[in-house]
Amino acid sequence: MSATASDTRARMRTRVPGGVEFVYDNYNALVFGFGPTERVSDAILSLAIFPQWVTLCFLKGAKLRDPKKLLQGSGNIVRTVRLSSPAHLGDPDVESLIAAAIATATPAYDLDGSKPRTIVKSISAKQRPRRPAESGARKSK
């Protein structure tokens, strides 16, 4: 999973035009968020790295046009795509969704071709374990 996460993150960093990459530990996942500014609320995309899969999150995905019905979720804002592999980011339909998300960023990205600058954030003070409990294992109180 570590190699998959690293490869997916590297591919995403080449896809996002500059801006800021936020790295944070968010409850059950390690998250790499991408936005045009240092404000986390401006982020439009993120990669959520779970113990057994990687999810591409469109943080304003409910407003995106999705003719192929790739986006999952039914909330008012966020939509996701569970990636089958790092190469899934190169799928033309996924690339189209990423491009649409980047185009709708407010404020807009500076399209200077630079890679995102990384900022490490601390989001949740009390962490839950990421690994699924072993079958038959007792949970502590």
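Everything numeric in this text was worked out from a predicted model, so none of it was measured.

The rules behind each value
Sequence order as written defines residue numbering, which begins from 1 separately in each chain. In keeping with the model being predicted, local features are shown solely for residues with a pLDDT of at least 70 and side-chain atom pairs are shown and tallied solely at 80 or more, while totals for entire chains, interfaces and linings include all residues. Hydrogen atoms and water are omitted, and side-chain values are computed over all heavy atoms in the structure. Each helix is a run of DSSP H or I of at least 4 residues and each strand a run of E of at least 2, with the numbering of both proceeding from the N terminus. One less than the number of residues in a helix, times 1.5 Å, gives the span that helix is expected to have. Any residue under 20% of the maximum accessible area for its type is buried, any over 50% is exposed, and the rest in between are partly exposed; the area is computed with a 1.4 Å probe on protein chains only. The reported arc concerns the directions from the helix axis to the C-beta atoms and nothing else. The contact criterion used is simple: two residues touch if any of their non-hydrogen atoms lie within 4.5 Å. Each nonpolar core is a collection of buried residues, namely Ala, Val, Leu, Ile, Met, Phe, Trp, Tyr and Cys, held together in the definition by side-chain atoms within 4.5 Å.

Colleague: Tell me about helix H2 (residues 92-103), residues and numbers included.
Modeller: Across its twelve residues, H2 extends 16 Å between first and last C-alpha, which sits within 8% of the 16 Å expected from 1.5 Å per residue. Val94, Leu97, Ile98, Ala101 and Ile102 are the residues of H2 that are buried. The arc enclosing the buried residues of H2, seen along the axis, measures out at 135 degrees, which places them on a common side. Along H2, exposed side chains directed more than 90 degrees from the buried face belong to Pro92 and Ala103. In this fold, the buried residues of H2 make contact with helix H1 (2-15), strand S3 (45-49) and strand S4 (54-58).

Colleague: Break down the environment of Thr37 for me, citing the residues and quoting the values.
Modeller: Here Thr37 shows up in the loop between strand S2 (29-35) and S3. Judged by its relative accessible area of 22%, Thr37 is partly exposed. Taking the C-alpha atoms as reference points, Thr37 and Arg117, 80 residues apart in sequence, are found 9.7 Å from one another. Excluding residues within four positions of it along the chain, Thr37 makes contact with Val20, Phe22, Asp42 and Pro107.

Colleague: I'd love a proper account of the environment of Ile119, names of residues and values included.
Modeller: Along the polypeptide, Ile119 turns up in strand S6 (residues 117-120). Taking the C-alpha atoms as reference points, Ile119 and Glu38, 81 residues apart in sequence, are found 8.1 Å from one another. In contact with Ile119, other than residues within four places in its own chain, are Val20, Glu21, Phe22, Val23 and Glu38.

Colleague: How would you sum up the nonpolar core? Please name residues and give values.
Modeller: Formed by 25 residues in total, the largest nonpolar core has its most connected members in Met12, Phe34, Leu45, Leu47, Leu56, Phe58 and Ile98. In terms of residues, this core owes the most to one element, H2, which gives five residues. Tyr24, Ala29, Ala43 and Cys57 belong to the second-largest nonpolar core, a separate cluster that totals nine residues.

Treat this as a map of the structure, not an account of what it does.
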